[in-house]
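Notes for the structure review
Single-letter residue listing:
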Number of protein chains: 2
Amino acid sequence: MPQIVSWIPVPRGSDFSIYNLPYGAFRRGNAQHLGIAIGEKILDLHALASAGLLDDICDRSVFLAPVLNPFLALGRDVWKKTRLRIAALLRTDDAADGRLRELDAERFFVEQRVTQMAVPMKVGDYVDFYASLEHATNLGKLFRPNGDPLLPNWRHIPIGYHGRSSTIVIDGTPIVRPKGQRKPPQSDVPVFGPTTKLDIELEIGFVTGPGNALGESIPTSKARDHIFGLVLVNDWSARDIQAWEYQPLGPFLGKSFATTISPWIVTLDALEPFATAGPRQDPYPLEYLRTHDRWAIDIALAVDLQTRRMRERGIAPQTISRTNYKEMYWNMAQQLAHVTINGTKTRPGDLYASGTISGSTPDSYGSFIELTWNGERPIALPGGDERRFLEDGDTVALRGWCEVGEFRVGFGHATGTIQPAN
Amino acid sequence: MPQIVSWIPVPRGSDFSIYNLPYGAFRRGNAQHLGIAIGEKILDLHALASAGLLDDICDRSVFLAPVLNPFLALGRDVWKKTRLRIAALLRTDDAADGRLRELDAERFFVEQRVTQMAVPMKVGDYVDFYASLEHATNLGKLFRPNGDPLLPNWRHIPIGYHGRSSTIVIDGTPIVRPKGQRKPPQSDVPVFGPTTKLDIELEIGFVTGPGNALGESIPTSKARDHIFGLVLVNDWSARDIQAWEYQPLGPFLGKSFATTISPWIVTLDALEPFATAGPRQDPYPLEYLRTHDRWAIDIALAVDLQTRRMRERGIAPQTISRTNYKEMYWNMAQQLAHVTINGTKTRPGDLYASGTISGSTPDSYGSFIELTWNGERPIALPGGDERRFLEDGDTVALRGWCEVGEFRVGFGHATGTIQPAN
């Protein structure tokens, strides 16, 4: 790949090289603007559109909106044209469009460091899948110790459920420890109080574009037209509440209190160079679930934990898990085809999360309940703390990135700090 | 109760007496207007607000919006003031406000008969509960024949799950038979095709007002400030798809393809005279779920079925089930308190459905799977048809009403006709 250089400096190791150009939303004055991350800055799409530099792509109002939904609705041709234009405005070589560089840069850029980000789309429906064979097997062993860990439907269906869209929050939002019912094993009746098993789920979610009409479906071969990009997702979970409530209708209050996403939607176009073949599926799926393109993506993932004590003593966050998105059994195209095979409508800005991404070794599990085996094997941390589940004051950061040599496309992070129950 | 009379004629037996005054949304020209049903007419709130007759209640823009969400957000004081004003404008006695009557009525009223209705609120999150003891017991017997039909959590938790908000449709919308995976008992592997067990669920849903902030809760004692009104809900279900997919994360594609609501939101204020004590709860619920007010409502319910053959032969729809909302085990205040006890945010316009409303006798069940006991006992219909589940061309109408003598407050209907699979 020929090297492309931006006239905006991109530090070595930055997630936001010119190959990335992810979309987000940020506060500017009293307004919410759309923007694109480049190096340590944000290119303000509102300012860019106001200056007329995007007028030939689509109606200017699309880029003046506070959320990406109107842009998402326009589809892949407009996404591609916009990506090419932004790259041209930022690059320095013969393919450069010099117009932006000749204008007053102050108007067009803000520093990420001092900017407050926001959820960049209005989420209509939020679906959470269960696509990791290793995670589904581990949870089956923990939640149903007397049965077959993997239920008979799992290898035939991308199992999923609808989550709560009102509690999707942006990176950095404090997470208040939820209260609820749980039934301790030694008790005959449920008790009420703050969860004692607060957990994370390390996931990747995809954000949809135009979508389908009610009664129609999106075949796997058309999924690319409807998947705009990906974010990191932390599906915070209260395991004791979940265990007591989840039968027969699935997770509800054990999950609904908060879901954190990373601020930058990394486009499928930016991730294309990291596409790879997914795991072999056995049995071969039903026809509507078959995919022939390479839908797995080689995204390295890490979970960092810093307790209050570590923070107070100046001890850096500790990476407690490393895994990769490419091993997920069910891919995005299969998930979208499955959701819509019954005629269910998808809308621009819907969020479809992967489910916990766990690898095959204990240091690659994407949740505390797996990492500590439901608290049996606590994680020892520098400074003397140990953790079975999350405690108040703990900060968790999910990170994700694709990298080949100096060519890097990253997701930034999805972070949250636990606050005591109200 | 002193009798109040409207100068708009209300036929005997109408659901939309002056005691009701339910809110809906309808097409007028190229726009969507909010309105209130009275007799066989709709009072156009857009026209009323434009004429300045609501200006002292709140900002005019609230009533010029195409959906109720801004009005729902304003809360109970504004709801009450508006209800009093509308009643005053329509009544004939000494408490009447004569201003509307003096104006040109053509501008303010349209005929329901010729008007297309729309879903009157933008639904953020849609939750479906499982609040009937009889229904939960029946489904437990049918789906888990070898276990205890009622799971241990059911009498402690208002069990529920998140449904699909994108497929909430208005009365009259055709229902396309969904396709999907099912695993016939005699088959080792799943098969793909149109559902063979298309069903209804007779439910009542409540629509929320202002709602709570993230991390806070709505106690049962404050639920009345956040529940605006009720609609009929048909939670269409594909039982074969549901049975194969629902473990361990709950119903998904077996339910997500469509949910029909009735067009008119009947307010809690209009239903107040029909409030009654609910069933005794044993065991006594945990403190956050206790209610002291009368939260059950005496709403008579009916399910009408007309097959294509019946329609072609001029045979009227047949009532196949009659039941009542007042017997539901868990009430609305408990449901809202439960949803928010973990800090989950509710927003104006959220929809919370009751779950299937089944009585204790086989003619009072709210779904075909119960009425026909999973197809074992087909329903015989006039004209010679019989039904185990729904067939293409069948029309189902849910109806609901409260009545004491000539004092009637009704819901209209939630109707859908089955179209063949695409």
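Scoring rules and cut-offs
- Residues numbered from 1 in each chain as written.
- Chains lettered and ligands numbered in written order.
- Predicted model: local features only at pLDDT ≥ 70, side-chain atom pairs only at ≥ 80, totals over all residues.
- Heavy atoms only, no water.
- Pairing = 2+ DSSP bridges.
- Helix = DSSP H or I, 4+ residues; strand = E, 2+ residues; numbered from the N terminus.
- Contact = heavy atoms within 4.5 Å.
- Axes fitted to C-alpha atoms, helices over the stretch in contact; angles between N-to-C directions.
- Buried < 20%, exposed > 50% of the residue type's maximum accessible area, 1.4 Å probe, protein only.
- Buried area = accessible area lost by both parts, 1.4 Å probe.
- Salt bridge = Lys/Arg side-chain N within 4 Å of Asp/Glu carboxyl O.
- Polar contact = N/O pair within 3.5 Å; in protein donor to acceptor, adjacent residues only side chain to side chain.
- Nonpolar A, V, L, I, M, F, W, Y, C, P; charged D, E, K, R; others polar.
- Least-squares fit on C-alpha atoms with pLDDT ≥ 70 in both.
- pLDDT = per-residue confidence, 0-100.
- Core = buried A, V, L, I, M, F, W, Y, C linked by side-chain atoms within 4.5 Å.
- Domains from an automatic or database assignment.
- Phe/Tyr/Trp six-rings, centres within 6.5 Å; stacked < 30°, edge-to-face > 60°.
- Lys NZ or Arg CZ within 6 Å of the ring centre and 35° of its normal.

**A look at the sheet that holds strand β5 (residues 117–118) of chain A**
All names here are of chain A. Spatial ordering of the open sheet is given by β4-β3-β2-β1-β5, a layout of five strands whose pairing is antiparallel. A single partner strand is all that each edge strand has here, and the edge strands are β4 (109–111) and β5. Pairing geometry for strand β1 (residues 23–28) and β5, over two bridges, is antiparallel. Its bridge partner lying in β5, Phe-26 is registered against Met-117. Against the sheet, helix α4 (residues 76–90) contacts β1, β2 (31–38), β3 (41–44) and β4, and its axis sits at roughly 65° relative to β1.

**Brief notes about the pairing of strand β25 (residues 395–404) of chain B**
All names here are of chain B. Across the ten residues of β25, seven count as buried, placing the element largely inside the fold. Taken together, the seven bridges between strand β20 (residues 300–306) and β25 define a ladder with antiparallel strand orientation. Within β25, the position partnered with Ala-300 by the bridge is Trp-401. Bridge count for β25 against strand β26 (residues 407–419) is nine bridges, and the pairing is antiparallel. Its bridge partner lying in β26, Cys-402 is registered against Val-409. Connecting the antiparallel pair β25 and β26 is a turn made up of two residues, with Gly-405 showing a positive phi of about 60°.

**Overview of the interface of chain B and chain A**
Listed per partner, the contact involves 57 residues of chain B and 57 residues of chain A. In this assembly, chain B packs against chain A so that about 5,300 Å² is buried in total across both faces, 63% of it on carbon and sulfur atoms. On the chain B side of the interface with chain A, the three residues burying the most area are B:Arg164, B:Leu249 and B:Phe252, jointly 15% of the side's total. Between the two partners, chain B and chain A, sit four salt bridges. A:Arg164 serves as the salt-bridge partner of B:Asp125, at 3.4 Å between the closest nitrogen and oxygen. Where chain B packs against chain A, one counts 34 residue pairs in polar contact (both at pLDDT 80 or more). Mapped onto the side of chain B that touches chain A, the elements with two or more residues apiece are β6 (126–129), β7 (160–162), β10 (179–182), β11 (191–194), α8 (239–245) and α11 (332–340) of chain B. Tallying contributions element by element places β7(B) first for the side of chain B that touches chain A, with three residues. For the side of chain B that touches chain A, a count of residues per class yields 28 nonpolar, 19 polar and ten charged.

**Brief notes about the relation of the copies chain B and chain A**
Rotating chain B by 180° and moving it 0.0 Å along the rotation axis overlays it on chain A with an RMSD of 0.0 Å. Taken together, the rotation and translation relating the two chain copies correspond to the operation of a two-fold axis. Taking the C-alpha atom as reference, chain B places B:Gly250 closest to the rotation axis, 2.1 Å from it.

**A few points about the sheet that holds strand β26 (residues 407–419) of chain A**
Residue and element names in this part refer to chain A. Taken together, the five strands give an open sheet; going across it, the order is β9-β26-β25-β20-β21, and neighbouring strands pair in mixed fashion. Of all strands in the sheet, those bounded by a partner on one side alone are β9 (175–176) and β21 (318–324). With six bridges joining them, strand β20 (residues 300–306) and β21 adopt antiparallel strand pairing. Looking at the pairing, Ala-300 lines up with Asn-324 of β21.

**Observations regarding the environment of A:Glu370**
Residues and elements named next belong to chain A. Tracing the backbone through its elements, the reader meets Glu-370 in helix α11 (residues 368–371). What makes Glu-370 buried here is its relative accessible area of 0%. Taking the C-alpha atoms as reference, Glu-370 lies 6.7 Å from Asn-138; in sequence the two are 232 residues apart. Beyond its immediate sequence surroundings of up to four residues, Glu-370 is in contact with Glu-134, His-135, Asn-138, Leu-139, Thr-356, Ser-358 and Tyr-365. At 2.7 Å, the side chain of Glu-370 and the side chain of Ser-367 are in polar contact.

**Observations concerning the confidence of the model for chain A**
In the predicted model, chain A carries a mean pLDDT of 97, and 100% of its residues have values of at least 70. Both scores are given for the predicted complex: the pTM is 0.97, the ipTM 0.96.

**Concerning the nonpolar core**
Nonpolar side chains tend toward joint burial in soluble globular proteins. Counting 211 residues, the largest nonpolar core has A:Leu48, A:Leu90, A:Leu100, A:Leu230, A:Tyr325, B:Leu230 and B:Tyr325 as its most contacted members. In this structure A:Leu100 touches A:Trp7, A:Leu43, A:Leu48, A:Leu53, A:Leu89, A:Leu90, A:Phe108 and A:Phe109, once residues within four positions along its chain are discounted. Core analysis: the next-biggest nonpolar cluster, separate from the first, contains 52 residues, B:Phe63, B:Leu68, B:Ala87 and B:Ala353 among them.

**Observations concerning the domain arrangement of chain A**
Residues and elements named next belong to chain A. Domain parsing of chain A yields domain 1 (23–117) and domain 2 (126–419). Here the C-alpha centroids of domain 1 and domain 2 sit 30 Å apart. Taken together, the contact pairs 17 residues of domain 1 with 18 residues of domain 2. With both chains or domains summed, domain 1 and domain 2 bury close to 1,500 Å², and 67% of this area falls on carbon and sulfur atoms. On the surface where domain 1 and domain 2 come into contact, there are two salt bridges. Salt-bridge contacts for Arg-76 lead to Asp-225; the nearest nitrogen and oxygen are separated by 3.2 Å. Here the side of domain 1 that touches domain 2 is built from residues that sort into ten nonpolar, four polar and three charged.

**Remarks on the side chain of A:Gln112**
Residues and elements named next belong to chain A. Relative to the helices and strands, Gln-112 resides in the loop between β4 and β5. Among the polar contacts made by the side chain of Gln-112, one reaches the main-chain carbonyl oxygen of Gly-39 at a distance of 3.0 Å. Contacts of Gln-112, omitting those with residues within four sequence positions, involve Phe-16, Ala-37, Ile-38, Gly-39, Glu-40, Lys-41 and Ile-42.

**Re the side chain of B:His33**
Residue and element names in this part refer to chain B. With respect to the secondary-structure elements, His-33 resides in strand β2 (residues 31–38). By relative accessible area, which is 10% here, His-33 ends up buried. A distance of 2.9 Å separates a polar atom in the side chain of His-33 from a polar atom in the side chain of Asp-44. Apart from residues lying up to four places away in sequence, His-33 is in contact with Gly-24, Ala-25, Phe-26, Arg-28, Asp-44 and His-46.

**Digging into the packing of aromatic side chains**
Aromatic ring pairs are defined here through the distance separating the ring centres and the angle between the ring planes. Overall, the coordinates contain 30 aromatic pairs over all chains when judged by the stated rule. A centroid spacing of 6.2 Å and a plane angle of 80° characterise the contact between A:Phe252 and B:Phe129, whose relative ring orientation is edge-to-face. Of this pair, A:Phe252 sits in the loop between α7 (239–245) and β16 (259–261) while B:Phe129 sits in strand β6, placing the two residues on different chains. Exposure class is identical for A:Phe252 and B:Phe129. Each is buried. Seen in terms of ring centroids, B:Tyr19 and B:Phe407 are 4.4 Å apart; in terms of plane orientation they differ by 75°. Their pairing is edge-to-face. Pair noted here: B:Tyr19 is in the segment before β1 (23–28) and B:Phe407 is in strand β26, with a separation of 388 residues, a long-range link. Comparing B:Tyr19 with B:Phe407, the two get one shared label, buried. The ring centre of A:Trp295 lies 4.5 Å from the NZ or CZ of A:Arg224, which sits over that ring.

**Let's talk about unusual backbone geometry**
The omega torsion of the bond from A:Asp282 to A:Pro283 falls at 5°, within 30 degrees of zero and hence cis. Take A:Pro283: it is sitting in the loop between β18 (275–276) and β19 (296–297). Looking along the chain, the bond that leaves B:Gln247 and enters B:Pro248 is cis, with omega of 5°. Among the structural elements, B:Pro248 can be located in the loop between α8 and β16 (259–261). The phi dihedral of B:Leu21 falls on the positive side, at around 55°, and the residue is not glycine.

**Quick word on the environment of A:Arg387**
All names here are of chain A. Within the secondary structure, Arg-387 is located in strand β24 (residues 386–387). Between the C-alpha atoms of Arg-387 and Leu-305, which are 82 residues apart in sequence, the distance is 9.9 Å. Those residues within four positions of Arg-387 in sequence are excluded, and the remaining contacts are Leu-305, Thr-307, Phe-368, Thr-372, Pro-378, Ile-379, Leu-381 and Asp-394. Within the structure, Arg-387 has its side chain in polar contact with the side chain of Asp-394 (distance 2.7 Å).

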